[in-house]
Amino acid sequence: MTAASVLRRLTLALLLAGAASQASATTGLDSQQCALLKQHVLRPGAPVDCPQLQVVRFSYLDFDQVRHDDGEIMVMAAVAPQVKALFDELLKRRFPLAQARLMEHYQGNDDASMADNNTSAFNDRPITGGGAVSLHAYGLAIDINPLQNPYVRRDAQGRLAYSPPAGQAFGERIAGRAGSSEQVVELFAQHGFLTWGGDWKKPIDYQHFQVSRKLAERLAKLPAPQARQLFESTVVAYRACRTGHGGKPKDRKVCAAVAS
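Residues numbered from 1 in each chain as written. Predicted model: local features only at pLDDT ≥ 70, side-chain atom pairs only at ≥ 80, totals over all residues. Heavy atoms only, no water.

Per an unreviewed UniProt entry, the recorded name for the protein is M15 family metallopeptidase, and the organism is Collimonas rhizosphaerae.

Printed below as a string of structure tokens:
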């Protein structure tokens, strides 16, 4: 066994130990929560079901730097510990979030959630503007501060259209502006969300972070413990690539492709 592989195994063990320590901040869904979810957000035929989902609770600072302890986001259970660590780091960095409420508050209406500048994750829906199922339907995509980080596409007349519409005010990207996703791309990647919609060409989705579709489909088919271990192994691979364990450090996009 090479030194690099030993290091990767040790890192994975440490990550899994850290995941166990985050368990108290993540909770599975009880029967009442599941029933509520199925009214508006979780539909028959979805790629995951209630037992595969968890709610992550966290504290955050708003844009006035006022602390709130009621942040909630629903994700696939396999990624919940990393998501908790991610949002704890956002708080530590004083990165602002307008709010974070579960999609049940919006009856699964993504437009309403974006208009409310709500940070969210699980929502059983197709991708915006298309028929394929969104990575949100796996609980493996996170949207942050949609107003400051809008979804941008060109309409039939070639004009830029923004979602939410008020996001047009933030169409000109300023990386140092409060709440801008550009500031946390690497942080999301360090916690396994290797794809950023701001890298896309058409459309551009500045609010959006996700895992690869290939990984999402694999995770959805595995029992929770194996799914968590697989996800943690992608985190290890990405971090090792970025730090250059066993070789030269590589670019973020290169490492994302390798880890995915």
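**Student:** Any chance you could explain the side chain of Gln207 here in plain terms?
**Tutor:** With respect to the helices and strands, the residue Gln207 is situated in the loop between β8 (204–205) and β9 (208–210). Gln207 sits in the buried class, given a relative accessible area of 1%. Setting aside its immediate chain neighbours within four residues, Gln207 contacts Met114, Ile142, Asp143, Ile144, Pro146, Asn149, Pro150, Tyr151 and Ser163. (Helix = DSSP H or I, 4+ residues; strand = E, 2+ residues; numbered from the N terminus. Buried < 20%, exposed > 50% of the residue type's maximum accessible area, 1.4 Å probe, protein only. Contact = heavy atoms within 4.5 Å.)

**Student:** So what exactly am I meant to see when it comes to the packing of aromatic side chains here?
**Tutor:** Remark: the centre distance and the inter-plane angle together describe each pair of aromatic rings, the angle taken between the planes. With the rule as written, the count across this model stands at seven aromatic pairs. When the ring of Phe188 is compared with that of Phe209, the centres are 3.9 Å apart and the planes differ by 10°; the resulting orientation is stacked. Pair noted here: Phe188 is in helix α5 (residues 185–190) and Phe209 is in strand β9, with a separation of 21 residues, a long-range link. On the accessibility criterion, Phe188 (0% relative accessible area) is buried. Given the relative accessible area of 0%, Phe209 is considered buried. Joined through ring pairs, the aromatic side chains of Phe188, Phe193, Trp196, Tyr206, Phe209 and Phe231 make up one cluster. (Phe/Tyr/Trp six-rings, centres within 6.5 Å; stacked < 30°, edge-to-face > 60°.)

**Student:** Even after reading the chapter, I still don't get the pairing of strand β3 (residues 67–76), so can you show me in this structure?
**Tutor:** On a regular strand, each side chain points to the face opposite its neighbour's, so the side chains alternate between the two faces of the sheet. Inspection of the sheet shows strand β2 (residues 53–61) paired to β3 by eight bridges, in the antiparallel sense. Across the sheet, Phe58 pairs through a bridge with Gly71, a residue of β3. Between β2 and β3, which pair antiparallel in sequence order, lie five residues; one of them, Gln65, sits at a positive phi of approximately 65°. (Pairing = 2+ DSSP bridges.)

**Student:** How do you make sense of the sheet that holds β3 when you look at a structure like this?
**Tutor:** Sheet strands pair via backbone hydrogen bonds, and the direction of the pair is either parallel or antiparallel. Taken together, three strands build an open sheet; the order of strands is β1-β2-β3 and the sheet is antiparallel. Looking at which strands have only one partner, the edges of the open sheet turn out to be β1 (26–28) and β3. With strand direction ignored, the average angle separating the axes of adjacent strands in the sheet is 30°. Across three bridges, β1 lies against β2 in antiparallel orientation. In the sheet register, Thr27 faces β2, and the bridge partner there is Val55. (Axes fitted to C-alpha atoms, helices over the stretch in contact; angles between N-to-C directions.)

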